[in-house]
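Each chain, written out:
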Amino acid sequence: NWYTAYTPYQAEISQGRLEALFNFQTLISELTGLPISNSSLLDEATAAAEAVSLSMAVKKSKNCKKFLIDQEVLPQTLDVLKTRCEPLGIALEMFDNNDFKIDESVFGILIQLPGKNGRIWDPTSIINQAHTVDAIVTVAIDPLAQVLIKPMGEIGADIVVGSAQRFGVPIACGGPHAAFFATKEKYKRQIPGRVVGQSVDVEGNKALRLALQTREQHI
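Worth saying up front: this structure is predicted, and the values here are computed from it rather than measured.

J.: Give a description of a nonpolar patch on the surface that names residues and reports values.
T.: Among the surface-exposed residues, Leu27, Leu144, Val147, Leu148 and Phe167 lie close enough to one another that they form a single nonpolar patch of about 470 Å² accessible area. Among the elements that line the nonpolar patch, the one with the most residues is helix 5 (residues 143-148), at three residues. In this fold, Leu148 is placed in helix 5.

J.: How would you sum up the side chain of Ser55? Please name residues and give values.
T.: Examined against the element boundaries, Ser55 turns out to sit in helix 2 (residues 44-59). Residue contacts for Ser55: discarding those within four places in its chain leaves Phe67, Phe107, Ile136, Thr138 and Ile159.

J.: Can you explain the packing of helix 2 against helix 3 (residues 75-85)? Please cite residues and give values.
T.: Across the interface, helix 2 lies against helix 3 with an axial gap of 8 Å and an inter-helix angle of 40°. Our classification of the angle between helix 2 and helix 3 gives oblique. Considering how the two elements wind past one another, helix 2 and helix 3 form a crossing that is right-handed. Residue-level contacts link Glu44, Ala45, Thr46, Ala48, Ala49, Glu50, Val52 and Ser53 of helix 2 to Gln76, Thr77, Val80, Leu81, Arg84 and Cys85 of helix 3.

Reading guide: rules and limits
Chains are numbered independently. Their residues run from 1 in the order of the written sequence. Where totals are concerned, whole chains, interfaces and linings use all residues; where local detail is concerned, this predicted model gives features only for residues with pLDDT of at least 70, and gives and counts side-chain atom pairs only at 80 or more. Computation of side-chain values: all heavy atoms of the structure, hydrogens and water removed. Residues qualify for a patch when their relative accessible area is over 30% and they have no salt bridge, like charges being joined within 9 Å and the nonpolar side chains of Val, Leu, Ile, Met, Phe, Trp and Tyr within 5 Å. To measure how exposed things are, a 1.4 Å probe is used in the Shrake-Rupley method; for residues, cover is taken only from the protein chains shown. Here a salt bridge means any side-chain nitrogen of Lys or Arg lying within 4 Å of a carboxyl oxygen belonging to Asp or Glu. For the purposes of this entry, the term helix denotes a DSSP run of H or I that reaches at least four residues, the term strand denotes a run of E that reaches at least two, and both are numbered from the N terminus. It only takes one pair of heavy atoms within 4.5 Å for two residues to be counted as in contact. Lines fitted to C-alpha atoms define the axes, with helix axes restricted to the stretch in contact, and inter-axis angles between N-to-C directions lie between 0 and 180 degrees. When an angle is under 35 degrees it counts as roughly parallel; over 145 it counts as roughly antiparallel; between 65 and 115 it counts as roughly perpendicular; any other value is oblique. By convention the crossing between two helices is left-handed if the near helix lies anticlockwise of the far one by an angle smaller than a right angle, and right-handed if it lies clockwise.

These figures come from the coordinates and say nothing about function on their own.
Rendered as structure tokens:
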């Protein structure tokens, strides 16, 4: 008898909605090879910006204010990164994956696969170089490309982001396409958005719930 505009968000009566999100998280984790995936980000560019924020938060070094970006990054992602990073005092620099250099002032890097020119390449050596200075590596990937190549998590990526448009959602069908954001277990407290988990209810049945939510962010 009691129903408000907010009631559909309550886990008790929205098990089907939560199951869809739980399935989405599971799919992304299996594709990327990373254990934690969230269920609520707006688009790929926003997800990349959140990856920069997470990278800076876990690095915790005041001397590291530089973030390196693949020169083949998608233009809309670059624009969002510029907007988000300027007030934070983060210096963005482009890198050529054929001539990659990194130093202690860098807290993270972003690799785009495939890039704006559609090229697929092996980022393993760049990921390894970045980890020598403890930089956090984010890979923005096309999920259908990820079907065909080794999971980015298995080759060392700390964060993997991308757009779910490639799963068959028509362009302009309901606005922006949901992004995905997957990361390592140790960064689960910094992951943006919501994480749906499976638990057991008072009667011993499996039940879905919001397991972790760092901040309110509905889509």
